[in-house]
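Residue-level structural notes
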Amino acid sequence: MKLKASKYELIEVAQGRRPADIYIKGGTVINVYSGEFLQQNVAVYKDCIAYVGEAEDSIGENTEVINAEGMYVSPGFIETHAHPWVVYNPISQTEKVLPLGTTTTVNDNLFFYLHMGPKGFKEMVNDLKQLPGNFLWLVRLISQSDYDGEREWFNQKDIQDLLQLDEVVGSAEVTRWPLLYNGDPFLLETVEYIKKIGKIVDGHNAGCSFEKLNSIAASGVNACHEAITAKEAFDRLRLGLWTTLRNSSLRPDLAEIIKLVTEGNVNTSRILMTTDGPQPAFIEKEGFVDGLVRQAVQLGVPVMTALQMVTLNAATYLHLDDYIGGIAPGKKADIILLPNLIDFRPDVVIADGKVVAEKGQLVVSLPEIDWSKYVIRKPFAFKKSFLEKKELYLYPHDDSNKPVPVIHFRSNVITQRKDMILPTMNGYVDLTNHEGIVYTALIDRNGKWITRGFLERFAVDLEGMASTYNTTTELLVAGRNPEAMAKAAVRVYEMGGGIVIVDKDEIILEIPLPLTGMMTTSPSFKTAVEYHNQLLAAVQERGFPFHDILYTLLFLTCDFLPGLRLTPYGLYDVKPDQIVKYSTPLYDVFIC
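Residues numbered from 1 in each chain as written. Predicted model: local features only at pLDDT ≥ 70, side-chain atom pairs only at ≥ 80, totals over all residues. Heavy atoms only, no water.

A closer look at the overall build of the protein
Of regular secondary structure, the protein possesses 18 helices and 33 strands. Whereas a compact globule of 592 residues would reach a radius of gyration of roughly 25 Å, the protein reaches 25 Å, a difference of no more than 12%. Principal-axis analysis of the C-alpha atoms gives the protein an extent of 90 × 50 × 45 Å. Here the protein holds 592 residues, and 62% of them are scored as buried. Within the protein, residue pairs in contact and separated by at least 24 positions form 68% of the contacts whose partners lie at least 6 positions apart. Summing over all exposed atoms, the protein offers an accessible surface of approximately 22,500 Å²; the carbon and sulfur share of this is 47%. (Helix = DSSP H or I, 4+ residues; strand = E, 2+ residues; numbered from the N terminus. Rg over C-alpha atoms; globule rule 2.2 N^0.38 Å. Buried < 20%, exposed > 50% of the residue type's maximum accessible area, 1.4 Å probe, protein only. Contact = heavy atoms within 4.5 Å. Areas by Shrake-Rupley, 256 points an atom, 1.4 Å probe, with all protein chains shown as cover.)

Quick look at the structure:
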């Protein structure tokens with residue numbers, strides 16, 4: 001992390017021989033190093049803190065003096081595990097969370113890399129340096145769903161090149177953790193390289209038993225945010241993993257896992273907290289890292305401990321505690337002024353030594369980004385007329401006495417295989433008079449394959465929906481009416497990515513997501529919130545029984561969560577590691 005202020009300048013400001021740019025006077029400094037609340041002043045020069053104490057010698061004629069009486073002076077919050085692609089994008093995420101006090105976000109690069117490749121991603125990272133605050137990255141080593149050509153795209157040379165970037169602090173979660181457990185050579189060799197260059201290896205070990213977690217820790221993984229019980233959190237902490245307590249839209253688990261702290265009597269120096277990429281409406285209602293601190297304190301965590309988990313602990317984990325995470329001379333001037341220790345919503349946010357937000361509103365401009373210049377993959381590599389064929393969405397099956405595999409939703413994202421006898425007509429399953437189930441299809445953007453299936457306990461009255469918002473970013477289509485499914489698919493094609501719902505031959509909702517098929521290009525976070533709320537309302541009106549449609553869509557096409565999944569290789573049953581029905585090649589019917 002590069003700082004603008006030199007050590008010589010900071011020494012001069014600390015001694016009163018050079019005036020500070022900003023002087024925060026009369027506040028209570030939250031010293032996360034000593035665990036004390038101290039009545040002290042803070043002098044800022046350029047992008048750094050130069051002095052913390054009682055003297056006022058560094059106040060000059062042009063120094064901006066901020067009266068912090070009655071306020072608490074805290075380090076800026078740090079989110080160590082962000083996903084800046086849940087309909088919102090890096091700009092709109094920053095617009096929302098920076099005024100809430102999160103001055104550092106560490107971001108997963110998955111969909112950017114999938115669609116931009118190493119060159120485009122590097123260009124974007126460079127352009128996003130203009131963002132206020134610290135916008136850092138974790139680099140994926142593999143995708144969330146295996147596909148033909150994955151290992152060529154995620155190759156050692158390109159990945160190691162990206163890991164060397166100053167803005168990259170390490171590797172992102174390996175969601176398919178059995179690969180680590182089984183000693184995948186590429187992953188283990190890359191982990192060794194990451195350790196060699198002094199960066200971190202984030203983890204994702206959902207459902208991993210204590211015994212298996214030993215192997216994951218031995219593989220070199222540093223952290224895990226997937227504990228959903230206090231016991232699982234203990235398992236991670238006891239094996240030396242940085243233990244990240246999550247509260248997100250999909251998994252609002254903090255009330256349970258915080259018992260690690262409130263009842264466990266453990267050393268908290270290796271405990272972090274994360275929001276783990278919540279859907280937009282969750283952030284709008286619950287906040288971001290500020291919400292984590294607020295809830296943790298409400299649940300009985302001491303204020304200092306809660307703040308340390310999202311400041312000093314986070315910075316230490318990231319190997320950045322020389323720069324961020326505390327209020328001390330020589331550290332980066334990422335400072336928030338809190339009116340109280342109840343809401344944890346700042347009145348003033350200082351990032352890079354500049355006031356960037358006041359009273360919850362940005363007071364600086366954000367960069368304008370032309371996202372299209374980074375992307376190298378075309379949204380679709382075929383003519384849209386191909387999507388008009390209603391047979392594309394039907395499930396070929398000519399034996400009405402033979403069961404077919406159905407994806408049954410047990411929760412938002414956990415599914416199971418159900419084999420069901422379904423009626424047929426003209427060589428296809430016919431759902432006309434069979435309620436409770438919808439057709440689904442995952443179509444390759446290049447027109448090479450299609451995986452067909454059925455969904456139960458999804459949105460049972462849905463006529464047609466199409467979405468590129470999913471782990472693969474291929475075209476996911478679902479519904480009871482093949483004509484409506486076709487119309488939705490065509491419209492998504494025309495938009496270059498997004499989500500469309502069709503009802504009674506009318507498009508009732510369209511959400512353009514042209515950036516990798518996952519994100520709006522709008523710089524406004526409110527746009528993402530509105531899109532999410534409209535989508536959730538539309539699917540719930542059509543029978544969707546759960547609360548987080550974005551993660552349902554996202555994980556339906558992954559290959560690491562329990563149940564039957566729709567993947568590029570076919571219908572895949574995760575636990576037995578079995579392809580139930582292979583995807584169908586489309587070479588014979590596809591016309592470019």
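From this point, the narrative continues.
Description of the UniProt feature "domain: Adenine deaminase C-terminal" (unreviewed entry) in the protein
Sites flagged by UniProt as "domain: Adenine deaminase C-terminal" (unreviewed entry) map to residues 413-575. Overall, residues 413-575 shows 24% helix and 34% strand. The separation of its end C-alpha atoms is 15 Å. (UniProt positions renumbered as here; feature names shortened; annotations may be inferred.)

A short note on unusual backbone geometry
You will see that Asp276, though not glycine, has its phi angle at about 50 degrees, which is positive. Checked against the element boundaries, Asp276 lands in the loop between strand S15 (271-274) and helix H12 (280-286). Despite not being glycine, Arg457 shows a phi value in the positive range, around 60 degrees. Examined against the element boundaries, Arg457 turns out to sit in the loop between strand S25 (449-456) and strand S26 (464-467).

Considerations on the pairing of strand S8 (residues 77-82)
Most of S8 is tucked away, with 6 of its 6 residues classed as buried. Both S8 and strand S9 (residues 102-108) contribute to a ladder of 4 bridges, which runs parallel. Along S9, the bridge assignment pairs Ala82 with Asn107. Taking the sense of rotation as the criterion, the β-α-β connection linking S8, helix H2 (residues 90-97) and S9 turns out right-handed. (Pairing = 2+ DSSP bridges. Right-handed = clockwise from strand over helix to strand, strands pointing away.)

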